[in-house]
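Structural characterization, general
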Amino acid sequence: MKFGINLFPTVAPDEKSAATWYEEAIELAVLAEELGFAHVKTVEHYFFPWGGYSPDPVTLLAAIAGRTSRIRLVTGAVIPAFTHPVQLAGKLAMLDNISHGRLDAGFGRAFLPDEFEAFNVPIDSSRERFDQGVEAVRRLWSEEDVVVDTSLFQFGPVTLLPRPFQRPHPPILVAAARSPESCAAAGAAGYGLLLVPSVARRERVQEMLGGYRAARATAGFSSADEHVQMSFSVHLDDVDGERARDFGRADSANNTRKLADAVAAWGRTRSDQYPGYDSVVRQVASTTYEESLRANNVLAGTPDQVREQLETLRSWYGDVTVSLQINSGSTPIEESRRTLRLFAERLLTELSAPGSSTPGSTATEPSASASAEAADLERSAVGVES
């Protein structure tokens, strides 16, 4: 397994200023590199305390690039629906050059109705905009005299400057929530995958991964080059697991409150592109922290307890890359530093060694009670992208 950090802000201006959160995020990214973590990731969202401090992940990652030299920089994810592909390809190519080829470019569909409304983009066009946007960016990176003539974009011939530092282009990753079809399409294209396991039951995540890996293999891509990244919040305490879980519980409650506000528009929005999202307002508050902890959707406790959780995740999903959410803005920065250092000292080297599981391996079938709990979690899930 590989490990990195995820910088997803869930904080409001009356709780912490944007400038302070950026300072803390950059500090944690620098510390993550010093400690040997593989990547730092951030998101694109607007308006709400849930993600709104990161409307442009490229800006934050460029600042981090200037303070680091080795750690990978992951957009998790940029949203093609809200940016013209020429502009998006250009600014991502700039980041790839500024960082000397450390960019992993993650793309997502978005799912908040208020964001689509603000950009005057029909939410029902999100899939089409995603597919056409990613393909246009890929071509602009890897080809010259590009002509694009689709239902949404018409331009060219143009040759993008700057050319990406990585050739033919930076690694592309696709964010997916609960759609096996999206995962299979990403695998067939040779793209990586960004997943948040908490938004689907474990069996569905395994189905998604199985379809992704099968599609990659059918298309002739090596399993050795697979890039699957999963995000989990983490809180550690050296001796007192309950203390760590208390921080996690508070962080989860903060995230739930802010997410509920961000998804409230689904109470008045319907789209066949997002089946079931009309009930998301009710669903978002229905999963308890204890349920998430038992399902290994959050990581909290002593290093030994979290090691056990991670070994279980490895048995379910294989040697994936784990993206650790260590500070959303509500956790005191000193606790985030402590968690990061403790994870590095007690878990990073040990768990980064190749495990006995092979990609796609799964645990034994769950008990009836575990299956029921997983089904409850799926019903309470909130999709993030595809």
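To keep things clear, this report deals only with the structure shown in the data block. Worth saying up front: this structure is predicted, and the values here are computed from it rather than measured.

The rules behind these values
- Residues numbered from 1 in each chain as written.
- Predicted model: local features only at pLDDT ≥ 70, side-chain atom pairs only at ≥ 80, totals over all residues.
- Heavy atoms only, no water.
- Helix = DSSP H or I, 4+ residues; strand = E, 2+ residues; numbered from the N terminus.
- Buried < 20%, exposed > 50% of the residue type's maximum accessible area, 1.4 Å probe, protein only.
- Contact = heavy atoms within 4.5 Å.
- Areas by Shrake-Rupley, 256 points an atom, 1.4 Å probe, with all protein chains shown as cover.
- 1 Å grid on protein atoms, 1.4 Å probe; cavity = no way out; pocket = protein on both sides within 12 Å on 5 of 7 lines; lining within 4 Å.
- Points joined across faces, edges and corners; volume = space filled by probe spheres on them.
- Nonpolar A, V, L, I, M, F, W, Y, C, P; charged D, E, K, R; others polar.
- Salt bridge = Lys/Arg side-chain N within 4 Å of Asp/Glu carboxyl O.
- Axes fitted to C-alpha atoms, helices over the stretch in contact; angles between N-to-C directions.
- Left-handed = near helix turned anticlockwise from the far one by under 90°.
- Core = buried A, V, L, I, M, F, W, Y, C linked by side-chain atoms within 4.5 Å.
- Expected span 1.5 Å × (residues − 1).
- Right-handed = clockwise from strand over helix to strand, strands pointing away.
- Pairing = 2+ DSSP bridges.

**Details of the overall build of the protein**
Along the protein, the regular secondary structure elements total 13 helices and eleven strands. Counting all 386 residues of the protein, 56% fall into the buried class. When contacts within the protein are restricted to residue pairs at least 6 apart in sequence, long-range pairs at least 24 apart make up 76% of them. A total accessible area of about 15,300 Å² is found for the protein, and carbon and sulfur atoms account for 52% of it.

**Describing empty space enclosed by the protein**
Considering all chains together, one arrives at two cavities of 30 Å³ or more under this definition. Of the voids in this model, the second largest cavity is the one considered here, and its volume is about 40 Å³. Lining the second largest cavity are Ala176, Ala177, Leu195, Val196, Pro197, Val199, Ala200, Val205 and Met208. A breakdown of the residues in the lining of the second largest cavity according to their chemical character gives nine nonpolar, no polar and no charged.

**Describing the pattern of salt bridges**
Scanning the entire structure with this criterion turns up 27 salt bridges. For the salt bridge of Arg201 with Glu203, the shortest nitrogen-to-oxygen distance reads 3.5 Å. Overall, Arg201 belongs to the partly exposed group, its relative accessible area being 26%. Note that Arg249 and Glu290 form a salt bridge whose closest N and O atoms lie 2.8 Å from each other. Residue Arg249 is found in helix α8 (residues 241-262), and its partner Glu290 is found in helix α10 (residues 289-294); the two are separated by 41 residues along the sequence. Within the structure, one salt-bridge network assembled from shared partners comprises Asp238, Asp304, Arg307, Arg346 and Glu350.

**A short note on the packing of helix α11 (residues 303-317) against helix α12 (residues 333-352)**
Where α11 meets α12, the closest approach of the two axes is 11 Å, and the angle between their N-to-C directions is 35 degrees. In this structure, α11 crosses over α12, and the sense of that crossing is right-handed. Between α11 and α12, the contacting residues are Pro303, Asp304, Val306, Arg307, Leu310, Glu311 and Arg314 on the first element and Leu342, Phe343, Arg346, Leu347, Glu350 and Leu351 on the second. Looking at the contact of α11 with α12 residue by residue, the classes come out as seven nonpolar, no polar and six charged.

**Description of the nonpolar core**
Grouped together as the largest cluster of nonpolar side chains are 79 residues, with contacts concentrated most on Phe3, Phe107, Trp141, Leu195 and Phe343. Setting aside anything within four residues of it in sequence, one finds Trp141 in contact with Ala89, Leu92, Ala93, Ala105, Phe107, Leu160, Arg163, Pro164, Pro168, His169, Pro170 and Ile172.

**Quick word on the environment of Phe232**
By the secondary structure assignment, Phe232 is in strand β9 (residues 228-236). Its relative accessible area of 2% is what places Phe232 among the buried residues. For Phe232 and Pro197, which are 35 residues apart along the polypeptide, the C-alpha to C-alpha distance reads 7.9 Å. Once residues within four sequence positions are removed from consideration, Phe232 is found in contact with Pro197, Asn296, Asn297, Leu299, Leu313, Val322, Ser323, Leu324 and Gln325.

**Focus: helix α1 (residues 18-35)**
When the terminal C-alpha atoms of α1 are compared, their 26 Å separation across 18 residues agrees well with the 26 Å that a helix rising 1.5 Å per residue should span. Of all the residues in α1, the buried ones are Trp21, Glu24, Ala25, Ile26, Leu28, Ala29, Val30, Leu31, Ala32 and Glu33. Each element contacted by the buried residues of α1 is listed here: β1 (2-7), β2 (39-42), α2 (57-65) and α12. Gly36 sits one or two residues past α1 and shows a positive phi near 100 degrees.

**Focus: the pairing of β2**
For a regular strand, the rule is simple: side chains alternate between the two faces of the sheet. Burial along β2 is two-sided: His39 and Lys41 and Val40 and Thr42, pointing in opposite directions, are all buried. Taking the sense of rotation as the criterion, the β-α-β connection linking β1, α1 and β2 turns out right-handed. Here β2 runs beside strand β3 (residues 72-78); their pairing, made up of four bridges, is parallel. Residue pairing across strands places Lys41 opposite Val74, the latter belonging to β3. Of the crossover connections in this fold, the one passing from β2 over α2 to the parallel β3 is right-handed.

**Topic: the pairing of β1**
Counting buried residues along β1, five of its six residues qualify, which places the element largely inside the surrounding structure. Where β1 meets strand β11 (residues 321-325), five bridges bridge the pair, whose relative direction is parallel. By the bridge assignment, Phe3 is partnered in β11 with Val322. Examined bridge by bridge, β1 and β2 share three bridges and lie parallel to one another. Within the sheet, the bridge partner assigned to Leu7 lies in β2 and is Thr42.

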